[in-house]
Amino acid sequence: MKMNKDILYGALAGAAIILPLLGAGYIHYQRDNYSCEIHTVIVDENRVLDVILNFNFDHGTGFYESAGELNEKGEPPTSVSNKILFKYWREDGAVILVSDETNPLPTRYQKFRKDIPDFFQHRERGLRVQITPANAVSDIFTYGGAPVFYCSKS
């Protein structure tokens, strides 16, 4: 009987040590291996840009893809899209994204492009954001101290 108690106590002690480590490993894995989706609408006096953005993070490399529609006054709707491969790392509570490859954006001037960070338009450009969990299934992307995206994990 004493041997069974010793085995039970040993198993409980082992579980008490291993389970928190497994939990921490899972949380770390989830932090660097996930994707999330953003639906955003940008409006000004002459146009509406309705777009869905997808971010995929995987151990220091990432992929961004967007697709949507631009509606300008007096013009037929135009499809818009962009794809970016990027590297990322965490530094001082922020996530640094640096674009590797980007699809060429349309050569036609679009007024909204002047307000988009270079990361989305050019190769080897960086973007520093805070990514803060909002709840179990979404994050808030903060840029320059202001929340800019609510990103639902998929």
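How each quantity is defined
- Residues numbered from 1 in each chain as written.
- Predicted model: local features only at pLDDT ≥ 70, side-chain atom pairs only at ≥ 80, totals over all residues.
- Heavy atoms only, no water.
- Helix = DSSP H or I, 4+ residues; strand = E, 2+ residues; numbered from the N terminus.
- Buried < 20%, exposed > 50% of the residue type's maximum accessible area, 1.4 Å probe, protein only.
- Contact = heavy atoms within 4.5 Å.
- Areas by Shrake-Rupley, 256 points an atom, 1.4 Å probe, with all protein chains shown as cover.
- Pairing = 2+ DSSP bridges.

Visitor: I keep staring at the overall build of the chain and nothing clicks. Help me out?
Guide: A tally of helices and strands in the chain yields one helix and eight strands. Helices and strands in the chain line up, N terminus first, as α-β-β-β-β-β-β-β-β. A total of 154 residues make up the chain; the buried ones form 27% of that total. Across the chain, every contact between residues at least 6 apart in sequence was considered, and the portion connecting residues at least 24 apart equals 37%. For the chain, the exposed area adds up to about 10100 Å²; of that, 59% sits on carbon and sulfur atoms.

Visitor: Is there a simple way to explain the pairing of strand E7 (residues 138–143) in this structure?
Guide: Put simply, side chains in a regular strand alternate between the two faces of the sheet. The sheet contact formed by strand E6 (residues 126–135) and E7 spans five bridges and is antiparallel. Directly across from Ile131, in E7, lies its bridge partner Phe141. As paired elements, E7 and strand E8 (residues 146–153) share six bridges and run antiparallel to each other. Bridge pairing in E8 places Asp139 opposite Cys151. Two successive antiparallel strands, E7 and E8, enclose a turn made up of two residues, where Gly144 displays a positive phi of approximately 60°.

Visitor: I'm lost on unusual backbone geometry in this one. Help?
Guide: Trans is the prevailing form of peptide bonds, just as negative phi is the prevailing case for residues other than glycine. Phi at Asp92 is positive, roughly 50°, even though this residue is not glycine. With respect to the helices, strands and loops of the structure, Asp92 is situated in the loop between strand E4 (78–91) and strand E5 (94–102). On the accessibility criterion, Asp92 (71% relative accessible area) is exposed. In this structure, Glu124 takes a positive phi of about 60° despite not being glycine. Along the polypeptide, Glu124 turns up in the loop between E5 and E6. Residue class for Glu124 comes out exposed when judged on its relative accessible area of 59%.

Visitor: Can you walk me through the pairing of strand E1 (residues 33–43) in this structure?
Guide: With eleven bridges joining them, E1 and strand E2 (residues 47–58) adopt antiparallel strand pairing. Bridge assignment links Val41 to a residue of E2, and that residue is Asp50. In textbook terms, the turn of a hairpin is the stretch between consecutive antiparallel strands, and for E1 and E2 this stretch comprises three residues. In terms of strand pairing, E1 meets E8 through two bridges, oriented antiparallel. Within the sheet, the bridge partner assigned to Glu37 lies in E8 and is Ser152.

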